[in-house]
Amino acid sequence: MPEVTSSRTSSPAQPAAIQRFWDKYLALLHRCGVKPPADRWYVRHAERYIESLPERRLGEHRPADVTGYLADLGRLGRMQDWQFRQAVDALQKLFELVGVSWLREVDWRYWRESARSLPTDHPTLARSLPVGDGAAADASHAPGDGTGVGAGCAVIERLVAVIRQRNYSIRTEEAYRSWTLRYLTFIGGRDPGEAGATEVAAFLETLAVQGNVAASTQNQALNALVFLYGQVLERPLGDMGTFQRARRPRHLPVVLTPGEVGRLLENLEGTYHLMASLLYGTGMRLMECLRLRVKDVDFDYRQIVVRDGKGQKDRVVPLPDRLIDPLRAHLERVRALHEADVQAGHGEVYLPFALANKYPGAPREWGWQYLLPSGRLSVDPRGGVTRRHHLHENSLQKAVKQAAIRAHLTKPVNCHALRHSFATHLLASGYDIRTVQELLGHADVSTTMIYTHVLNRGGKGVQSPLDAL
């Protein structure tokens, strides 16, 4: 291994080897779920530690060097708790990469827990940790037994592998990985296989009581951990008993009047006007609209096929007649962009369910291109292939927000309000509620029933007694 020093102070003799070391360190962080830009702060913590002991190679460091550095870092009092925990994790991953034999002799869990508060008289700073000569820390807290870098990364890697085997979306993968990392931190670095329903219930209750999270957030965490134990660890949680659940408020949807929809669309231009018109004209969800392919638009039958929507279900929605000409003009521009990409050696799009392996030429075919492509190429986070993805949802969300302000709309308007308005206006026009249910892709008609709240005037159609005076 090269003599690793700070990337800012390294000698020019071995710059390539040092850069490779830091690249491996970043790769380890990414495998453990640390994402940019947080990964750069891990590198900064590791660099500062190396700069504190410039006279020795990393392989020559001992546990006392690490614990002494962390103690000094805590005494300075310049870090918030989460920053100190980040520094501890950064050093643990650093020495996991180096492969030192004494990794378990540092009580990493104890140091992480000490970050809850760091006054000068805190036990963490006063305690002399037993190190060296076989005086290892408590084995139950050792990183190799729990999530230390090795076990923690192994759990995350298995989780990601199982998710991808089931063809879950990348958003589900990111959410489940994030909740798993938070849960591993909550149980203090132990092996999740040694924990179970009791710890999961305590974690979920902490989210509700201390974190004050929404019911949907708590349910997402529950789903992630049920998946972790049932599908990854193959140890179903079973009965979790009773725990404090976040309250699920009952909100009525925001519905715009036809006049308000018209004013909103008048304040949008170009592609944003087309996208918002599609949301209102078809009732699609935002991500369903963004993921449309060219082949999904059927001009002859005046319909759009929504593939793999929520619940992995396909459905058909109407193509508004007034959008046919704008869509044809838009597709001409998209095709010119695609042909330019192909000439430049790109032109591929992501294909689900390993279709690219079965049909190698399909990613470049015109029909598979996104209807609403991004303005720039990007690197696929799963495969590392340079492709042109669809537009990011934030772009339309921001445009709709600004358009609502310009239209002087006082309602809290967002993209989903256009879907709510689509359903409500169809019901008000006399369409059967079962038809609207199918167009929206609802599994249960009770979900669609919420749009009937404005059909008989506000307040359930009741005439106020004030009007009778």
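Let us look at the structure shown here. Note that the structure is predicted; figures quoted are calculated from it, not measured.

Details of the packing of aromatic side chains
Then step 1. In the structure shown here, the tally under the stated rule is eleven aromatic pairs.
Then step 2. Here Y49 and Y69 contribute two aromatic rings whose centre-to-centre distance is 5.1 Å and whose plane-to-plane angle is 85 degrees, an arrangement assigned as edge-to-face. Highlighted residues: Y49 in helix α2 (residues 38-52) and Y69 in helix α3 (residues 63-76), separated in sequence by 20 residues.
Then step 3. A ring pair is formed by Y49 and F95, whose centres lie 5.6 Å apart and whose planes are at 80 degrees; its orientation type is edge-to-face. With Y49 in helix α2 and F95 in helix α4 (residues 81-98), the pair connects residues that are 46 residues apart, well separated along the chain.
Then step 4. Judged by its relative accessible area of 0%, Y49 is buried.
Then step 5. Aromatic rings pair up to connect W179, Y183, F186, F203 and Y229 into one cluster.
Then step 6. A cation sits over an aromatic face here: R293 above Y370, 4.3 Å from the ring centre.

A short note on the pattern of salt bridges
Then step 1. If you walk through the whole model with that rule in mind, you get 14 salt bridges.
Then step 2. The salt bridge partner of E157 is R31, with a shortest N-O separation of 3.5 Å. In this pair, E157 sits in helix α7 (residues 149-165) while R31 sits in helix α1 (residues 15-31), placing the two residues 126 residues apart along the sequence.
Then step 3. Given a relative accessible area of 40%, E157 falls into the partly exposed group.
Then step 4. Judged by relative accessible area, which is 42%, R31 ranks as partly exposed.
Then step 5. Each of the salt bridges in this network shares a partner with another, and the network as a whole consists of K295, D296, R307 and D314.

Some words on the packing of α1 against α4
Then step 1. Remark: α1 packs on α4, axes separated minimally by 10 Å, with the N-to-C direction vectors making an angle of 120 degrees. Judged by the angle between their axes, α1 and α4 are oblique. Considering only the axes of α1 and α4, their crossing is right-handed. Contact with α1, carried on its side by F21, K24, Y25, L28 and L29, involves A90, K93, L94, L97 and V98 of α4 and no other residues of that element.
Then step 2. For the contact of α1 with α4, a count of residues per class yields eight nonpolar, no polar and two charged.

Here we look at the side chain of Q86
Then step 1. By the secondary structure assignment, Q86 is in helix α4.
Then step 2. Only 3.1 Å separates the side chain of Q86 from the side chain of H45, close enough to count as a polar contact.
Then step 3. Setting aside residues up to four positions removed in sequence, Q86 forms contacts with A38, W41, Y42 and H45.

Some remarks on unusual backbone geometry
Then step 1. Here P36 and P37 are connected by a cis peptide whose omega angle stands at 0 degrees.
Then step 2. Looking at the secondary structure, you find P37 in the loop between α1 and α2.
Then step 3. In this structure, R302 is a non-glycine residue whose phi angle is positive, near 55 degrees.
Then step 4. Turning to its location among the elements, R302 is positioned in the loop between β1 (297-298) and β2 (303-306).
Then step 5. The partly exposed category is assigned to R302, whose relative accessible area is 40%.
Then step 6. The phi torsion at H408 lies on the positive side, around 60 degrees, for a residue other than glycine.
Then step 7. We classify H408 as exposed; its relative accessible area is 67%.

Description of the pairing of β2
Then step 1. In this sheet, β2 lies alongside β1 in antiparallel orientation, the contact comprising two bridges. Opposite V297, over in β2, you have I304 as the bridge partner.
Then step 2. Connecting β1 to the next strand, β2, in antiparallel fashion are four residues, including R302 with a positive phi near 55 degrees.
Then step 3. Relative to strand β3 (residues 315-318), β2 is paired through four bridges, and the arrangement is antiparallel. Its bridge partner lying in β3, Q303 is registered against P318.

Thoughts on helix α12 (residues 270-282)
Then step 1. The terminal C-alpha atoms of α12 lie 18 Å apart, and with 13 residues this matches the ideal 18 Å at 1.5 Å per residue to within 8%.
Then step 2. Among the residues making up α12, those that are buried are L274, M275, A276, S277, L278, L279 and T282.
Then step 3. G283 sits one or two residues past α12 and shows a positive phi near 80 degrees.

Here we look at helix α9 (residues 197-209)
Then step 1. Between its terminal C-alpha atoms α9 stretches 18 Å, which fits the 18 Å expected from 13 residues at 1.5 Å a residue.
Then step 2. Listed as buried for α9 are A197, V200, A201, F203, L204, L207 and A208. When α9 is viewed along its axis, its buried side chains cluster within an angular range of 160 degrees and face the same direction. Among the exposed residues of α9, those pointing more than 90 degrees away from its buried face are T198 and V209.
Then step 3. Contact partners of the buried residues in α9: α8 (170-186) and α10 (215-232).

Re the sheet that holds β2
Then step 1. Taken together, the three strands give an open sheet; going across it, the order is β1-β2-β3, and neighbouring strands pair in antiparallel fashion. Where the open sheet ends on each side, the last strands, each with one partner, are β1 and β3.

Overview of the nonpolar core
Then step 1. Among the nonpolar cores identified, the biggest contains 42 residues, and L264, L278, L327 and L371 are the most heavily contacted of them.
Then step 2. Going through the elements one at a time, α11 (258-266), α12, α13 (286-290), β2, α14 (324-343), α16 (393-406) and α17 (415-428) are the ones with two or more residues in this core.
Then step 3. Those residues in contact with L371 that lie beyond four places of it in its chain are L278, L292, R293, V294, V297, L327, H330, L331 and V334.
Then step 4. Counting residues in each nonpolar core, the second largest holds 33 residues, with L29, V43, L70 and L103 among its members.

A few points about the environment of E105
Then step 1. Looking at the secondary structure, you find E105 in the loop between α4 and α5 (108-113).
Then step 2. The class of E105 is buried, set by a relative accessible area of 18%.
Then step 3. Counting along the chain gives 41 residues from E105 to A64, while the straight-line C-alpha distance between them is 9.6 Å.

What counts, and where the lines are drawn
- Each residue is numbered by its place in its chain's sequence as written, counting from 1.
- Per-residue local features of the predicted model are confined to residues with pLDDT of at least 70, and side-chain atom pairs are confined, for both listing and counting, to 80 or more; whole-chain, interface and lining totals are unaffected and use all residues.
- Water and hydrogen atoms play no part in the side-chain values, which are based on all heavy atoms of the structure.
- Only centres within 6.5 Å qualify two rings of Phe, Tyr or Trp (six-membered ring in Trp) as a pair; their planes then separate them into stacked at under 30 degrees, edge-to-face at over 60, and tilted for everything else.
- Here a strand is any run of E in DSSP of at least two residues, a helix any run of H or I of at least four, and the numbering for each starts at the N terminus.
- Burial here depends on accessible area, computed with a 1.4 Å probe over protein chains only, as a share of the maximum for the residue type. Under 20% is buried, over 50% is exposed, and the range in between is partly exposed.
- Geometrically, a lysine NZ or arginine CZ counts as sitting over a ring once it is within 6 Å of the ring centre and also within 35 degrees of the ring normal.
- When a carboxyl oxygen of Asp or Glu lies within 4 Å of a side-chain nitrogen of Lys or Arg, that pair is called a salt bridge.
- Throughout, an axis means a line fitted to C-alpha atoms (over the contacting stretch in the case of helices), and angles, computed between N-to-C directions, take values from 0 to 180 degrees.
- Angle categories: roughly parallel below 35 degrees, roughly antiparallel above 145, roughly perpendicular from 65 to 115, and oblique for all the rest.
- By definition, any crossing whose near helix is turned counterclockwise from its far helix by less than a right angle is left-handed, and any crossing with a clockwise turn is right-handed.
- We call two residues in contact whenever any of their non-hydrogen atoms come within 4.5 Å of each other.
- Gly is placed with the polar residues, together with every amino acid not listed as nonpolar (Ala, Val, Leu, Ile, Met, Phe, Trp, Tyr, Cys and Pro) or charged (Asp, Glu, Lys and Arg).
- Polar contact is defined as a pair of N or O atoms within 3.5 Å, subject to the rule that within protein one atom must be able to donate a hydrogen and the other to accept it, and that residues adjacent in sequence are counted only when both atoms are side-chain atoms.
- DSSP calls a pair of strands paired once it identifies at least 2 bridges connecting them.
- To estimate how far a helix should extend, the number of its residues minus one is multiplied by 1.5 Å.
- What the arc describes is the spread of directions from the helix axis to the C-beta atoms.
- Here, nonpolar core means buried Ala, Val, Leu, Ile, Met, Phe, Trp, Tyr and Cys residues that are tied together by side-chain atoms lying within 4.5 Å of each other.

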